[in-house]
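Residue strings, one per chain:
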Amino acid sequence: FLKDTREVFRWEQTSFHTFATMLTRMLSLPRVSSRITQLFRRSLCTAAPSKKPEDLPYQVLGGPVGKQAALVQSLPEGIVTPAYFASGIKPDLNDEHESIIADKDIPAFAESCRIARNTLRQCQAHIKPGVTTNELNDIAFDFITKNGGYPSTLNYGAFPASICTSVNNVAIHGIPDDRPLVNGDLISIDVTVYKNGFHGDCCSTYPVGEVSAEAQKLMDDARAALFRGIKACYKGGSFSAIGKAIHGDAVKQGYYIPIEYIGHGVGEFFHSLPVVFHAPIEGKYKSVAEGRMKRGHAFTIEPILMQKQVDLEMWDDGWTEATEDNSLTAQFEHTVLITDGGVMVMTL
């Protein structure tokens, strides 16, 4: 079956995820998509021996410690929430809506992006050994709501926190918990803010105390990969140029980029068109990747750099994905807006 599927989908992990998503909808089984994708990834990745945790210059995360962030049951008066807050249902990527920001809406959109950026800065100021990711989550919730915004991840598909905190071997969607950060850790914090009817989205990876030279290089190269992608953006440009700009140098440096994690349109919806791949795409999705950027297009660019190509394993919480061999990852993200003169980085 896998052999036939590989031939049909031409070895595209992105296609495997799409197939898994389609199967999930057909069967109405929650979280099956991620499990199927994980099996397909495993069939494509060469297993790497896991390093012993005691041999690594950072702590290895194998599951949540203590209490994970608890869903806030009430918000300060006057906070406007997106539709999914009440239901906790995760909306599919809205493939019927293309995120194009009208001139009159740019100030409102910019405010959401500004609050998201400043939330990251608030969290960064408190990152040090001994601080827990739950404490960072509380800092983010308080700052966002005091500025009249709503933390977009909160109750998005029942996600219980206001930010994602992905530490060391956790690649994406880490849920804050009671684990104290230790010297030598890397932490990626992903923040999205909803205000005035618009979402603004950004992510950065930070060192905790003093990190190894290898970890520092990974962070520097991940940040550089993001800005290579941003430099490829302009009115009339191809979205495929973003992935090519990011991917080529990253591969030469020995990194792997999981292509199933994409950038996306952002604005009125948390996730919508356009789709932004962080690597060259061939076959079935090539036409999607080669769409053209239009004036007013708003979208995220958010590549994840992994030290090597290994499987990502999902934890039982249904969100957190960590490297199979405990190797490090780093991610940086900005929301951008296409203009007549090029591109504006809204979360810079």
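Model, not experiment: these values are computed from the prediction.

J.: So what's going on with a negative patch on the surface? Which residues, and what values?
T.: Taken together, the side chains of Glu135, Asp138, Asp142 and Asp178 make up a negatively charged region of the molecular surface. Position of Glu135 among the secondary structure elements: in helix 6 (residues 133-146). Given the relative accessible area of 40%, Glu135 is considered partly exposed.

J.: So what's going on with the environment of Ala245? Residues and values would help.
T.: In this structure, Ala245 sits in helix 8 (residues 240-252). Ala245 sits in the partly exposed class, given a relative accessible area of 22%. It is 5.7 Å that separates the C-alpha atoms of Ala245 and Arg228, two residues lying 17 residues apart in sequence. For Ala245, the contacting residues outside a window of four places in its chain are Arg228, Gly229 and Ala232.

J.: Outline the confidence of the model for the protein, listing residues and values.
T.: Mean pLDDT over the protein stands at 84; residues scoring 70 or higher make up 78%. Predicted confidence is poor over residues 1-50, with pLDDT under 50, and the contacts of this stretch with residues over four places away or in other chains come to 79 contacts.

J.: So what's going on with helix 6? Which residues, and what values?
T.: The end-to-end C-alpha distance of helix 6 is 20 Å, a good match for the 20 Å that 14 residues give at a rise of 1.5 Å each. Those residues of helix 6 that sit buried are Thr133, Asn134, Leu136, Asn137, Ala140, Phe141, Phe143, Ile144 and Thr145. Next to the buried residues of helix 6 lie helix 5 (106-124), strand 2 (150-151), strand 3 (164-167) and strand 5 (186-195). Two residues or fewer past helix 6, Gly148 is found with a positive phi of approximately 80°.

Reading the values: rules and limits
Residues numbered from 1 in each chain as written. Predicted model: local features only at pLDDT ≥ 70, side-chain atom pairs only at ≥ 80, totals over all residues. Heavy atoms only, no water. Patch = residues over 30% accessible without salt bridge, like charges linked within 9 Å, V, L, I, M, F, W, Y side chains within 5 Å. Areas by Shrake-Rupley, 256 points an atom, 1.4 Å probe, with all protein chains shown as cover. Salt bridge = Lys/Arg side-chain N within 4 Å of Asp/Glu carboxyl O. Lys, Arg positive; Asp, Glu negative; His and termini not counted. Charge placed at Lys NZ, Arg CZ, Asp CG, Glu CD. Helix = DSSP H or I, 4+ residues; strand = E, 2+ residues; numbered from the N terminus. Buried < 20%, exposed > 50% of the residue type's maximum accessible area, 1.4 Å probe, protein only. Contact = heavy atoms within 4.5 Å. pLDDT = per-residue confidence, 0-100. Expected span 1.5 Å × (residues − 1).

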